[in-house]
Each structure stands twice: as structure tokens, then as C-alpha cells.
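Below are the chains, spelled out letter by letter.
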Amino acid sequence: MPESTARSGRTWQLWLALYVACSMVVGLFVSLLVLRSGVDTTDVVLAGGGGFATSFALCLALPAAVRELKRQN
């Protein structure tokens with residue numbers, strides 16, 4: 001495997017780990033906010049999972065959006 005491909009693969013793994021960590025923080029924060037409102041545990045888990053999934057999807061879409069904007073200029 002060429003060194004540039006290996007390096008970009010490692011960089012992608014690092015970014016992916018950062019996306020997961022940030023999304024977990026968002027999911028936990030959403031869960032805590034919903035928990036303080038006094039709803040059922042199931043609703044807390046669903047809201048936290050939704051926050052995680054939405055945040056992770058936005059993080060995954062960000063590099064593609066930046067690449068597309070760079071390509072247009």
C-alpha cells in the first residue's frame with residue numbers, strides 16, 4: 001500500500017474516532033436534558049440515540065460538503 005494511502009487511512013480513522021466521541025458527548029447531553037424534564041427512561045434513551053445519530057450524520061457529511069465547496073471555487 002502506498003504511504004500516502006496508508007497515511008490518509010490513519011487520518012480517516014482518527015477523524016472517525018473524533019466524530020464518535022463528539023457525537024457521544026452530544027447524545028449524553030441530550031439525554032441529560034431530557035432526563036431532567038422528568039420523562040420515562042425509554043424516551044431518554046430514544047432522545048439520546050437520536051442526538052447521537054444526528055450529530056454523527058452531520059459530522060460524516062461535513063468533509064464531503066467542504067470538499068464540494070473547494071471544488072466549486
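Rules used in this analysis
Residue numbers here run from 1 along each chain, matching the order of that chain's written sequence. Two thresholds apply to this predicted model, a pLDDT of at least 70 for residue-level local features and 80 or more for giving and counting side-chain atom pairs, whereas whole-chain, interface and lining totals are computed over all residues. Note that water and hydrogens are dropped before the side-chain values are worked out from all heavy atoms of the structure. Aromatic rings from Phe, Tyr and Trp, taking only the six-membered ring of Trp, are treated as a pair when their centres fall within 6.5 Å; an angle between ring planes under 30 degrees marks them as stacked, one over 60 as edge-to-face, and anything in between as tilted. To sort residues, take the accessible area from a 1.4 Å probe on protein chains only and compare it with the maximum for the residue type: under 20% means buried, over 50% means exposed, and anything in between is partly exposed. UniProt positions are given in the numbering used here, feature names are shortened, and annotations may be inferred rather than shown by experiment. Note on conventions: DSSP H or I runs of at least 4 residues are helices, E runs of at least 2 residues are strands, and numbering of each starts at the N terminus. Whenever a carboxyl oxygen of Asp or Glu lies within 4 Å of a side-chain nitrogen of Lys or Arg, that contact is scored as a salt bridge.

Enquirer: Sorry if this is basic, but what is going on with the packing of aromatic side chains here?
Expert: Given two aromatic rings, one states the distance between the centres and the angle between the planes to describe the pair. Across all of its chains, the model carries three aromatic pairs by this definition. Plain terms: the ring middles of tryptophan 12 and tyrosine 19 are 6.4 Å apart, the flat faces sit at 80 degrees to each other, and that makes the pair edge-to-face. Overall, tyrosine 19 belongs to the buried group, its relative accessible area being 8%. Measuring from ring centre to ring centre gives 5.9 Å for phenylalanine 52 and phenylalanine 56, while their planes differ by 5 degrees; the resulting arrangement is stacked.

Enquirer: Sorry, what's going on with the UniProt feature "transmembrane region" (unreviewed entry) in the protein here?
Expert: When the UniProt feature table is mapped to this numbering, "transmembrane region" (unreviewed entry) covers residues 12-34 and 46-66. Helix makes up 100% of residues 12-34 and strand 0%, and the two end C-alpha atoms of the span are 33 Å apart. Secondary structure within residues 46-66 divides into 100% helix and 0% strand; the distance between the first and last C-alpha atoms comes to 30 Å.

Enquirer: What should I look at first to understand the pattern of salt bridges in this one?
Expert: Close approach of charged atoms lets side chains of opposite charge pair. Summed over the entire model, instances satisfying the criterion amount to one salt bridge. In this structure, the salt-bridge partner of glutamate 68 is arginine 71, at a minimum N-O distance of 2.5 Å. Of this pair, glutamate 68 and arginine 71 both sit in helix α2 (residues 41-72), three residues apart, which is roughly one turn of that helix. The class for glutamate 68 is partly exposed, based on a relative accessible area of 32%.

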